[in-house]
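# Coordinate analysis (summary)
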Amino acid sequence: MFTRILLTAALASYAGAWLLQIADFRGGGAVRRPPSGVLAIGAVCLHSAALLAFWFTYGTPPLSGFGPASAFLAFALATGFLLASRSRERWSVGLLVLPMVIALLAASLVAGLAPTLADPRLRGPWLVAHVLLVFGGYASLLLASVAAVMYLFQFRALKRKDFGNVFRFFPSLESLDRMNRIGLAGGLSALAIGLLAGWSLSLTFGRGLALGDSDVAFGLLTWVVYAAALGARRRTRGFGLRPARVSVVACVASGVGFVALRVLGPATEFFL
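Throughout what follows, the structure given in this document is the object of discussion. From a predicted model like this one, the values you see are computed outputs, not experimental measurements.

## Notes on the overall build of the protein
When helices and strands are tallied, the protein shows 9 helices and 0 strands. For the protein, the sequential pattern of α-helices and β-strands runs α-α-α-α-α-α-α-α-α. Each of the 272 residues in the protein was classed as buried or not, and the buried ones make up 49%.

The structure is reproduced here in structure tokens:
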């Protein structure tokens, strides 16, 4: 119950920060970091406290089961947003990131927060490292896609010589380029290492590679489609419309793949 209360408070704080950013955008495009920043930082603090409360309550980190895993992924994404937006210019990426955090956190509250990890052997530091890497990779790749979406809007505004809200509120093309590049490189590296760590853990307990599991299939699908996005960047020797579009398509493809594999494929004990 205490975990749910803290997550609900974090959800309300994220929503408040997002509404402030919407108001800033609609009010002329000026980026005002302090009001929404205070709420966002407070939300991450409440979120982290909720995850720790979950750990103490159930004796296991919030890594297994759709509800706990969604809450953890939301935390990874929110933390990645704060790290990416240390520059005042990139604070506006929260306009697109915060709705994803809110959706993931709301989904976790609706789905329930009870863990579903059945095998007590799969609770050691190796599993924690595996899931931290995988979730960090997902969060980094999502941030790369957000940068690509904002790049497309900013490029369109500049091409039309429309110096309105998008031009004033969104980061510069150079800043979005850097965010996309770092997000893709870091996310693919973390995801690859995390998947290898998970498979090593499975082999240790005689579970096999489990390539048919929906979680493993989703991890592989995500890595492949975002690797294509990174390849598009290298073929054009930098960022541009085509690499940005490929990054957006990669995000959509991985999202559709996640839903399809969850609905059609067998569920595993832990959420990659």
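## Here's the deal with the pattern of salt bridges
All chains considered together, the criterion is met by 1 salt bridge. For Asp-177, the salt bridge goes to Arg-233, with nearest N and O atoms at 2.8 Å. Highlighted residues: Asp-177 in helix α7 (residues 173-204) and Arg-233 in helix α8 (residues 214-235), separated in sequence by 56 residues. Here the two residues Asp-177 and Arg-233 agree in accessibility, since each one is buried.

## Here we look at a nonpolar patch on the surface
A cluster of nonpolar residues, Met-1, Phe-2 and Ile-5, forms a patch on the protein surface that exposes about 400 Å² of accessible area. Locating Phe-2 in the fold gives a position in helix α1 (residues 2-26). According to the relative accessible area criterion, Phe-2 is exposed, its value standing at 56%.

## Some points on the side chain of Gln-21
Topologically, Gln-21 is positioned in helix α1. Gln-21 sits in the buried class, given a relative accessible area of 1%. Contact partners of Gln-21, with chain neighbours within four places excluded, come to Ser-36, Trp-91, Ser-92, Gly-94, Leu-95, Leu-98 and Phe-169.

## Comments concerning the packing of aromatic side chains
One pass over the structure, following the stated rule, counts 8 aromatic pairs. An angle of 50 degrees between the planes, with centres 6.4 Å apart, marks the rings of Phe-72 and Phe-75 as tilted. Here Phe-72 and its partner Phe-75 are both found in helix α3 (residues 66-84), 3 residues apart, which amounts to about one turn of the helix. Here the aromatic rings of Phe-81 and Trp-91 are separated by 4.9 Å at their centres, their planes lie at 35 degrees, and the arrangement is tilted. Of this pair, Phe-81 sits in helix α3 while Trp-91 sits in the loop between α3 and α4 (94-111), and the two are 10 residues apart along the sequence.

## Here's the deal with α3
Here α3 spans 26 Å end to end across 19 residues, near enough to the 27 Å set by a 1.5 Å rise per residue. By the criterion of burial, α3 is predominantly enclosed, with 15 of the 19 residues buried.

## Quick look at the environment of Val-101
Structurally, Val-101 is set in helix α4. Measuring from C-alpha to C-alpha, the distance between Val-101 and Leu-77 comes to 6.7 Å, with 24 residues separating the pair along the chain. Not counting residues within four places of it along the chain, the set of residues in contact with Val-101 comprises Tyr-14, Ala-74, Leu-77 and Ala-78.

## What about the nonpolar core?
Nonpolar side chains tend toward joint burial in soluble globular proteins. Membership of the largest hydrophobic core comes to 69 residues, with the highest contact counts inside it found for Tyr-14 and Leu-105. Looking at which element gives the most residues to this core, the answer is helix α5 (residues 125-159), with 17 residues. If near-sequence neighbours (up to four positions away) are discounted, Tyr-14 is found in contact with Ala-40, Ala-43, Val-44, His-47, Ala-78, Leu-98, Val-101, Ile-102 and Leu-105.

The rules we used
Residues numbered from 1 in each chain as written. Predicted model: local features only at pLDDT ≥ 70, side-chain atom pairs only at ≥ 80, totals over all residues. Heavy atoms only, no water. Helix = DSSP H or I, 4+ residues; strand = E, 2+ residues; numbered from the N terminus. Buried < 20%, exposed > 50% of the residue type's maximum accessible area, 1.4 Å probe, protein only. Salt bridge = Lys/Arg side-chain N within 4 Å of Asp/Glu carboxyl O. Patch = residues over 30% accessible without salt bridge, like charges linked within 9 Å, V, L, I, M, F, W, Y side chains within 5 Å. Areas by Shrake-Rupley, 256 points an atom, 1.4 Å probe, with all protein chains shown as cover. Contact = heavy atoms within 4.5 Å. Phe/Tyr/Trp six-rings, centres within 6.5 Å; stacked < 30°, edge-to-face > 60°. Expected span 1.5 Å × (residues − 1). Core = buried A, V, L, I, M, F, W, Y, C linked by side-chain atoms within 4.5 Å.

In short, geometric facts, not functional conclusions.
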